[in-house]
Amino acid sequence: MLGFWIAILSGALMSIQGVFNTQVTKQSSLWVSTGWVQFSALLVCIVAWFFTGRESIGALWQVENKYTLLGGVIGAFITVTVIQSMSSLGPAKAALLIVIAQLAVAYLIELFGLFGTQQQPFLWRKLLGLAVAVAGIVIFKWE
């Protein structure tokens, strides 16, 4: 149950962050805003690291699949694409499309067992759930 509430909080924070970042971008530039997001996140992580145990940073170089260290690079592009989509579509439509894309890609990752995840069998009900979500986008966007 805790995971459920954390996921809800995560989604809410992503939407709020997207709006904040879009506003900062309007007053600066896309890469300045994105850089600030990443830099301020680094500062928060450093402070949290000091207060929560100070695990070895050297452990990063022992990660087996080095490509997984690209999460921060991907994070920078997530920030950029969220800002651009919210700026052109508005927060609600952008968030809806972002969540559907996350769901579709996450299902494909599970289905094929990519990136070290455990492969899951294809289930029609999951595909139907994704189709219902896409139908929700059509209904939501319908003017």
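Each value, and the rule that gives it
Counting from 1, residues in each chain are numbered in the order their sequence is written. The predicted nature of this model means local features are confined to residues of pLDDT at least 70 and side-chain atom pairs, given and counted, to a pLDDT of 80 or more, with totals for whole chains, interfaces and linings taken over all residues. The side-chain quantities take in all heavy atoms of the structure and omit both hydrogens and water. Helix numbers and strand numbers start at the N terminus; a helix is a DSSP run of H or I with at least 4 residues, a strand a run of E with at least 2. Remark: exposure states derive from per-residue accessible area (1.4 Å probe, protein chains only) relative to the maximum for the residue type, with buried under 20%, exposed over 50%, and partly exposed in between. Contacts are assigned to residue pairs with any non-hydrogen atoms lying within 4.5 Å of each other. Per residue, pLDDT captures the predictor's confidence, and it can take any value from 0 to 100. Pairs were defined over the aromatic rings of Phe, Tyr and Trp, the Trp ring being its six-membered one, requiring ring centres within 6.5 Å. Orientation was assigned from the angle between planes: stacked under 30 degrees, edge-to-face over 60, tilted for the rest.

Per an unreviewed UniProt entry, the protein carries the name DMT family transporter and comes from Candidatus Pullilachnospira stercoravium.

J.: Tell me about the overall build of the protein, and please be specific about residues and values.
T.: A tally of regular secondary structure across the protein gives five helices and zero strands. Secondary structure elements in the protein, listed N-terminal to C-terminal, are α-α-α-α-α. Along the three orthogonal principal directions, the C-alpha set of the protein runs to about 45 × 45 × 30 Å. Buried positions account for 17% of the 143 residues belonging to the protein. By sequence separation, contacts in the protein at least 24 residues apart represent 56% of the contacts at least 6 residues apart.

J.: I'd like to hear about the confidence of the model for the protein, residue by residue, with values.
T.: In this model, the protein carries an average pLDDT of 93, and 99% of its residues clear a pLDDT of 70 or more. The secondary-structure element of the protein with the lowest mean pLDDT is helix α5 (residues 124-141), recorded at 90, while helix α2 (residues 30-52) shows the highest, at 96.

J.: Got a sec to walk through the packing of aromatic side chains? Specific residues and values, please.
T.: Applying the stated criterion across every chain yields a total of six aromatic pairs. Plain terms: the ring middles of Trp-31 and Phe-77 are 6.2 Å apart, the flat faces sit at 85° to each other, and that makes the pair edge-to-face. With a gap of 46 residues between them, Trp-31 in helix α2 and Phe-77 in helix α3 (residues 71-89) connect regions that are remote in the sequence. For Trp-31, a relative accessible area of 53% translates into the label exposed. By relative accessible area, which is 46% here, Phe-77 ends up partly exposed. Ring plane angle 65° and centroid distance 5.1 Å describe the contact between Trp-49 and Phe-50, whose orientation is recorded as edge-to-face. According to the relative accessible area criterion, Trp-49 is partly exposed, its value standing at 28%. According to the relative accessible area criterion, Phe-50 is partly exposed, its value standing at 42%.

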